[in-house]
Amino acid sequence: MKKVMMGNHALSYGAMLSRSQVIAAYPITPQTQVVELLSEMCADGTLDARFIKVESEHSAMAACIGASVAGARAFTATSSQGLALMHEMLHWAAGGRHPIVMGNINRSMAPGWSIWTDQNDSLSERDTGWMQYYCASNQEVLDTVIQAFKVSERLMIPGMVILDAFALSHTYEVVDVPDQAAVDKYLPPFKPAIRLTPSDPRAFGGLTGAEHYMELRYKLQKDMEKAPALIEETGREFEKIFGRNLGLVDAYRCDDADFVFVTSGTAGFTARVVVDEFRKSGLKAGNLRIKVFRPFPFAKVREVLKKVKKAAVVDRNCSYGAHGIFYQEVKSALYGEAGMPPVFGYIAGLGGRDITTDSFKEVAAHALAKDKADEEIVWIGVKK
Amino acid sequence: MKKEKKMTLTLPAEELMACGHLACQGCGATLAMRYMLKALGQKTALCIPACCWAVIDGPYPYSSLDVPIYHCAFETAASTATGVKAGLEMTGDSETTVVAWAGDGGTFDIGLQALSGAAERNEDIIYVCYDNEAYMNTGIQRSSATPYGAWTTTTPVKHFKTRPKKDIVAIMAAHRIPYIATASISHPEDFVKKMRKAKDIKGTRFFHVYAPCPTGWKSRPEDTVKLARMAVQNAYFPLCEIEDGDKVTLNLKLKDKKPVNDYIRIQGRFRHLTEAQVASIQAEVDARWERLLKNCAV
Amino acid sequence: MREKKAKKIVFNSAEEMPTMIASVGSQTHNLTGAWRNIRPEIDLAKCLKCGICWKFCPEPSIDIVDEWPVVDYDYCKGCGICAEECPAKCIVMVEERK
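This text gives an overview of the structure that appears in the document. (Residues numbered from 1 in each chain as written. Chains lettered and ligands numbered in written order. Predicted model: local features only at pLDDT ≥ 70, side-chain atom pairs only at ≥ 80, totals over all residues.)

## What to know about the overall build of chain B
Step number 1: From N to C terminus, chain B includes 11 helices and nine strands.
Step number 2: Since a compact globule built from 298 residues should have a radius of gyration of about 19 Å, the 19 Å found for chain B is in line with a globular shape.
Step number 3: The C-alpha extent of chain B, read off along each of the three principal axes, is 60 × 55 × 40 Å.
Step number 4: Across the 298 residues of chain B, 59% fall into the buried class. (Helix = DSSP H or I, 4+ residues; strand = E, 2+ residues; numbered from the N terminus. Rg over C-alpha atoms; globule rule 2.2 N^0.38 Å. Buried ≥ 20, exposed ≤ 12 C-beta atoms within 10 Å, placed from the backbone.)

Structure below.
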């Protein structure tokens, strides 16, 4: 069934079709419509779930953890400051191996107060052990929630489905809403091997000495390493049922490209327009949109970029004192491999400033004019 | 030997807490856990934040309890328990009693927001605060449950705590939750009786349990039960219940209310107090006691 | 009452550990009797069988065997609450012979 819906509602539909059993959430702009629709769905019986209207995001994640360890499928959604408040519990969810799925609307961190998009909120959580999926369309948001539950529950690692504030969260698009029966076939009920129950009384997450802690984290990393293949496998399975593939990256016209933008989120779709224009004027351009940031698809990125002559990474974030975060990851993916192209790094669109086709043209003009990438950050559209 | 006489046990025989745990000698918090589990039985799930009990239970991969435990973050006892209850219910278990089991730091201080949220929503959980009146697990630092006059490592004798203990029971009563009780490890029968009563009530139930700590109070381990008993008998920690926020019942009437001096003087943490300072504690205890009696009468 | 003197758990590899950080053994492997400096000795001739020592034991390491209190010295930490609380004063704390 096709519906016109905003990105936030695509998250709600994803959570509903995944038959989330416990939802705990706290309102924050620009996430509110996600939980408003879910509370309506719970109230009218469309969704058989307990909606816990907690008093903070920190409690939202704590409640999701409690629900998940008790064996229920748990969902929440937040943004920016809310995600930052959850930070401690993000480590808890991943370290405790609780396969919660969360929507995060990328919103810039205060101060000054900003409700507009950039990625520093979610990227600040990159080392917590959560999988991160950066989406570029409302369809992708809905589909990814369902896939994320499947991948998370298989690996017992939580997953974050991420979309740009306003550019996606409040933008209406046509979304093909899958049939519940088909989703049920794709996503079986959550049945963890061990759960919190008096019939199997165990203590979870107790004091863990140096003789055990490292092995537990080793297991987390080992399972994280299984995720790229599992995401591709479940993506193909999704395509068989629903006709849409969900992969690690979206490589657009990259196969024969000389020059490739590396992007994430909605900026990735803007880049496509510029790629098409460049192609018309004879420049073999492409766009590699990285969808899954954690685990980072090192092999996939290498595979795509090894064939190109130049790559330009456009980051909507900044690791202050270092560089754009995707830029760093892409470079580390290519380092030490023979025949890799120079990679240029750009920062654009912080605090909700638009990343337009002109932004990408500026990026391309800079990168194409240079032979070698130096370490200097190139800021796009900043009034210096 | 008088073989004919029957052994009389005034508490349920079932032990859900095993020995081998890591509590200090004479730990009051351990008795509190033992009594609570006797009252609630095996179909109980615990959420324990950072507190002495996070250590007492034993390190991974062991546990001392025959009930499941989720070791949660410091400030999340109430919110994690809320989630556990919802999760159990959504997976077909509406029978298990879910308990948030936290110390005074995790309740009076860092966990107060989550507790207030859960209480306001009237989540179907029992929240137990075992109060040893300081951050004992981190090495005896003052909390907002530390009483006036007490030494701790962050309120050294020259700067002992001069503010009174936070009135957590009044705070919880203001939430108008269905059931609040104070309990003491010196009165296990009363403890078990009230815990059983709470088990059958739906909604948020709050227990404030007095649990002396020989390590932090600088008292003798063998005096733990005695100290708790003295605190009840001198009205330092009266035993009462509050239903629906305002119906107050006194569980133990004090015909012969003892002075606080004896109780104060056997604890090293109060050693520095002058007679005048002890008198001011007595005045404060008397005033609180009068207020409690007045509330009961209403 | 759960099994006493449970086995210690040894993991030989990360593979053997459950994915979740969940306990698989009992803390009763830990014989806390070794902490003790003074030991309670019960004079059963004076015992009133009131159960108070059992009731106030924080371990709990006083068992009721054939209706008599018996100290489990494998676990008793020697806190002395039983002796302090015994109304018949039939428990004495004596120096541990080490």
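Picking up where we left off.
## Some details on the interface of chain A and chain C
Step number 1: At the interface, 14 residues of chain A touch eight residues of chain C.
Step number 2: When contributions to the side of chain A that touches chain C are tallied by element, the ones reaching two or more residues are strand 9 (203–204) and helix 8 (213–242) of chain A.
Step number 3: In terms of residue count, helix 8 of chain A provides more of the side of chain A that touches chain C than any other element does, four residues in total.
Step number 4: When grouped by side-chain class, the residues that make up the side of chain A that touches chain C number six nonpolar, four polar and four charged. (Contact = placed C-beta atoms within 7 Å. Nonpolar A, V, L, I, M, F, W, Y, C, P; charged D, E, K, R; others polar.)

## As for the sheet that holds strand 1 (residues 44–48) of chain B
Step number 1: A sheet is described by the order of its strands in space; here nine strands give the open sequence 9(A)-3(B)-1(B)-4(B)-5(B)-7(B)-6(B)-8(B)-9(B), paired in mixed fashion. Each having just a single partner strand, strand 9 of chain A together with strand 9 (247–250) of chain B make up the two edges of the open sheet.
Step number 2: Taken together, the five bridges between strand 4 (residues 97–103) of chain B and strand 5 (residues 126–131) of chain B define a ladder with parallel strand orientation. Within the sheet, the bridge partner assigned to V99 of chain B lies in strand 5 of chain B and is I126 of chain B.
Step number 3: Sheet strands in contact with helix 1 (residues 28–40) of chain B are strand 1, strand 4, strand 5 and strand 7 (205–210) of chain B, and its direction is about 155° off that of strand 5 of chain B. (Pairing = 2+ DSSP bridges. Axes fitted to C-alpha atoms, helices over the stretch in contact; angles between N-to-C directions.)

## Structural notes on the nonpolar core
Across soluble globular proteins, nonpolar side chains have a tendency to be buried as a group.
Step number 1: Residues V22, A312 and V313 of chain A together with V84 of chain B are the most contacted members of the largest nonpolar core, which totals 255 residues.
Step number 2: When residues of this core are assigned to their parent elements, the largest contribution, nine residues, is made by helix 1 of chain B.
Step number 3: If you count residues domain by domain, this core takes at least three from each of domain 1 (2–242) and domain 2 (249–379) of chain A.
Step number 4: Not counting residues within four places of it along the chain, the set of residues in contact with V313 of chain A comprises V262, G324, F326, Y327, V330, V343, F344, G345 and Y346 of chain A. (Core = buried A, V, L, I, M, F, W, Y, C linked by C-beta atoms within 7 Å. Domains from an automatic or database assignment.)

## Here we look at the interface of chain B and chain A
Step number 1: Contacts between the two partners involve 41 residues from chain B, matched on the other side by 38 residues from chain A.
Step number 2: At the level of elements, strand 1, helix 2 (52–56), strand 3 (69–71), helix 3 (77–90) and helix 5 (112–120) of chain B are the ones that each hand at least two residues to the side of chain B that touches chain A.
Step number 3: Counting residues per element, the side of chain B that touches chain A draws most heavily on helix 3 of chain B, at 11 residues.
Step number 4: Among the residues making up the side of chain B that touches chain A, the classes are represented as 19 nonpolar, 15 polar and seven charged.
Step number 5: Here strand 9 of chain A runs beside strand 3 of chain B; their pairing, made up of two bridges, is parallel.

## A closer look at unusual backbone geometry
Excluding glycine, residues mostly carry a negative phi; peptide bonds, for their part, are mostly trans.
Step number 1: T29 of chain A connects to P30 of chain A through a cis peptide bond whose omega is 5°.
Step number 2: Mapped onto the elements of the fold, P30 of chain A is located in the loop between strand 2 (22–24) and helix 2 (32–43).
Step number 3: With omega at 5°, the peptide bond leading from Y60 of chain B into P61 of chain B counts as cis.
Step number 4: Even without glycine at this site, F166 of chain A takes up a positive phi of about 60°.
Step number 5: Counting through the fold element by element, F166 of chain A comes out in the loop between strand 7 (159–164) and strand 8 (172–176).
Step number 6: Phi at K89 of chain C is positive, roughly 55°, even though this residue is not glycine.

## Observations regarding the packing of helix 1 of chain B against helix 7 (residues 188–199) of chain B
Think of two packed helices as two axes; the pair is described by the angle between the axes and how far apart they sit.
All names here are of chain B.
Step number 1: Closest axis-to-axis distance for the helix 1/helix 7 pair is 8 Å, and the angle between their directions is 45°. Compared by their axis directions, helix 1 and helix 7 come out oblique. The handedness of the crossing between helix 1 and helix 7 is right-handed. Contacts from Y35, M36, K38, A39 and L40 in helix 1 reach P188, F191, V192, M195, R196 and K199 in helix 7.
Step number 2: Residue composition of the contact of helix 1 with helix 7, grouped by class: eight nonpolar, no polar and three charged. (Parallel < 35°, antiparallel > 145°, perpendicular 65-115°, else oblique. Left-handed = near helix turned anticlockwise from the far one by under 90°.)

## A closer look at the sheet that holds strand 11 (residues 259–263) of chain A
Residue and element names in this part refer to chain A.
Step number 1: The six strands are arranged 10-12-11-14-15-16 in an open sheet whose pairing can be described as mixed. The sheet is open, and its two edges are formed by strand 10 (249–252) and strand 16 (378–379), each paired on a single side.
Step number 2: As paired strands, strand 14 (residues 310–315) and strand 15 (residues 343–347) are joined by five bridges and run parallel to one another. Residue pairing for strand 15: A311 is matched across the bridge by V343.
Step number 3: In the packing of helix 12 (residues 357–369) onto the sheet, the strands contacted are strand 11, strand 14, strand 15 and strand 16, and the crossing angle to strand 14 comes to about 140°.

## Quick word on helix 9 (residues 224–233) of chain B
Step number 1: When you tally the buried positions in helix 9 of chain B, you get eight out of 10 residues, the bulk of the element.
Step number 2: Within helix 9 of chain B the residues assigned to the buried category are T224, V225, L227, A228, R229, M230, A231 and V232 of chain B.
Step number 3: Where the residues of helix 9 of chain B are buried, they touch helix 1, strand 6 (179–184), strand 7, helix 8 (214–217) and helix 10 (261–265) of chain B together with helix 2 (81–85) of chain C.
Step number 4: Two residues or fewer after helix 9 of chain B comes A235 of chain B, characterised by a positive phi angle close to 70°.

## As for the pairing of strand 6 of chain B
Residues and elements named next belong to chain B.
Step number 1: With six of six residues buried, strand 6 lies mostly within the body of the structure.
Step number 2: By the alternation rule, side chains of strand 6 split into Y179, A181 and A183 and I180, T182 and S184, which are all buried.
Step number 3: Regarding the hand of the β-α-β motif, the stretch spanning strand 6, helix 7 and strand 7 is right-handed.
Step number 4: Summarising the sheet, strand 6 and strand 8 (residues 240–243) pair through three bridges and their orientation is antiparallel. Paired with A181 across the strands is E241, a residue of strand 8. (Right-handed = clockwise from strand over helix to strand, strands pointing away.)

## Section: helix 1 (residues 7–17) of chain A
Every α-helical turn comprises 3.6 residues, leaving residues that sit three or four positions apart pointing alike.
Residue and element names in this part refer to chain A.
Step number 1: In terms of burial, helix 1 is a largely internal element, 11 of the 11 residues being buried.
Step number 2: Looking at helix 1, one finds that the buried residues are G7, N8, H9, A10, L11, S12, Y13, G14, A15, M16 and L17.
Step number 3: R19 sits one or two residues past helix 1 and shows a positive phi near 55°.

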